[in-house]
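# Chain and residue survey
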Amino acid sequence: GRHSHCHPGLLLKMLSPRLSARDVVCVDTGDITLWASISLRLTRRSVVLSSERLGTMGYGLCAGIAASIERGGDARAIVIVGDGGFQMTLNELGTAIQHGCRLLLLVIDNGLLGRVEHGFKNAKGCEITGCDWVALARAYGADG
């Protein structure tokens, strides 16, 4: 298939006016945390879940599942993750489907553990391989 690219900052700015008061924004750890803090336009009523400085990669998807189950109804969890963090807990897509969670999952794929590479001089193993994220979501039974 044909791949298209969109700058994370632009994507998050475009997302901002589409957020409802019932949505919960769940931000993972890594470079995506920086992009979200710079680019999301939140309101006083916005609810954001973030691990902040604890470095818990994979937090975003799990927080999104918990938020969706807790809020129920028409509430959505907007999960913003990098490809590295998503790969830490992607198996939880099964949990999300099992519980009927309403998630909008945005995977920002840069093929890199960016914060690890940035924070540790000469770090090894920071380049990562992803997959077709839409096909993966569909394999779990999501819309993709």
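The rules behind each value
Think of each chain on its own: its residues are numbered from 1, step by step along the sequence as written. A pLDDT threshold of at least 70 governs which residues receive local features in this predicted model, and a stricter bar of 80 or more applies before side-chain atom pairs are shown or counted, although totals over entire chains, interfaces and linings include all residues. Based on all heavy atoms of the structure, the side-chain values leave hydrogens and waters out of the count. Strands here are runs of E lasting at least two residues and helices are runs of H or I lasting at least four, both read from the DSSP assignment and numbered beginning at the N terminus. The atom set for the radius of gyration is the C-alpha atoms, and the globule formula is 2.2 Å times the number of residues raised to the power 0.38. Accessible area is worked out with a 1.4 Å probe on protein chains only. A residue is then buried under 20% of its type maximum, exposed over 50%, and partly exposed in between. Here a residue-residue contact requires only that any non-hydrogen atoms of the pair lie within 4.5 Å. Think of each axis as a best-fit line through the C-alpha atoms, taken over the contacting stretch in the case of a helix, with angles from 0 to 180 degrees between the N-to-C directions. Each angle receives one of four descriptions, namely roughly parallel if under 35 degrees, roughly antiparallel if over 145, roughly perpendicular if within 65 to 115, and oblique otherwise. The crossing is said to be left-handed when, going from far helix to near helix, the turn is anticlockwise and less than a right angle, and right-handed when the turn is clockwise. Residue types Ala, Val, Leu, Ile, Met, Phe, Trp, Tyr and Cys, when buried and joined through side-chain atoms within 4.5 Å, form a set referred to as a nonpolar core. Should DSSP find at least two bridges between two strands, the strands are taken to pair. In this analysis, rings of Phe, Tyr and Trp, with Trp reduced to its six-membered ring, are considered paired at centre separations within 6.5 Å, and the interplanar angle assigns stacked below 30 degrees, edge-to-face beyond 60, and tilted for intermediate values.

### Thoughts on the overall build of the protein
The helix and strand inventory of the protein stands at seven helices and four strands. Counting from the amino terminus, the protein carries its helices and strands in the arrangement α-β-α-β-α-β-α-α-β-α-α. Over its C-alpha trace the protein gives a radius of gyration of 15 Å, about what one expects of a compact globule, namely 15 Å for 144 residues. For the protein, the C-alpha atoms occupy an extent of roughly 45 × 35 × 30 Å along the three principal directions. A burial count over the protein gives 35% of its 144 residues as buried. Residue pairs in contact within the protein that sit at least 24 positions apart in sequence constitute 76% of those at least 6 positions apart.

### Overview of the environment of Pro17
Within the secondary structure, Pro17 is located in the loop between helix 1 (8-15) and strand 1 (24-27). Given a relative accessible area of 65%, Pro17 falls into the exposed group. Residues Pro17 and Leu40, 23 residues apart in the sequence, show an inter-C-alpha distance of 9.3 Å.

### Some details on the packing of helix 1 against helix 2 (residues 31-39)
Running from N to C, helix 1 and helix 2 cross one another at 50°; their axes reach a closest spacing of 9 Å. Classified by the interaxial angle, the pair formed by helix 1 and helix 2 is oblique. When you trace helix 1 past helix 2, the crossing you get is right-handed. Taken together, the residues of helix 2 that come into contact with helix 1 (itself represented by Pro8, Gly9, Leu12 and Lys13) are Trp35, Ala36 and Ser39.

### Looking at the side chain of Ser16
Mapped onto the elements, Ser16 comes out in the loop between helix 1 and strand 1. Residue Ser16 is classed as buried on the basis of its relative accessible area of 7%. In contact with Ser16, other than residues within four places in its own chain, are Ser39, Leu40 and Arg41.

### A closer look at the nonpolar core
Within the largest apolar cluster, 16 residues are counted, with the highest numbers of intra-cluster contacts made by Cys26, Leu61, Val79, Phe86 and Leu136. Of all the elements, helix 3 (residues 59-71) adds the most residues to this core, at four residues. Judged by nonpolar contacts, the second largest core, of 12 residues, contains Leu12, Leu15, Leu19 and Val27.

### Focus on the pairing of strand 3 (residues 77-82)
Burial runs high along strand 3: six of the six residues are buried. Judged by which residues are buried, strand 3 turns out to be covered on both faces: Ala77, Val79 and Val81 on one side and Ile78, Ile80 and Gly82 on the other are all buried. By the bridge criterion, four bridges tie strand 1 to strand 3 in an arrangement that is parallel. Its bridge partner lying in strand 3, Val25 is registered against Ile78. Judged from the six bridges that link them, strand 3 and strand 4 (residues 103-108) form a sheet pairing that is parallel. What sits directly across from Gly82, in strand 4, is Ile108.

### Section: the packing of aromatic side chains
On inspection of all chains with the given rule, the structure shows one aromatic pair. Between the aromatic rings of Phe86 and Trp133, the centroid separation amounts to 5.4 Å while the plane-to-plane angle is 70°, which identifies the pairing as edge-to-face. Taken together, the residues span a long stretch of sequence, with Phe86 in helix 4 (residues 83-89) and Trp133 in helix 7 (residues 133-139) at a distance of 47 residues. For Phe86, a relative accessible area of 2% translates into the label buried.

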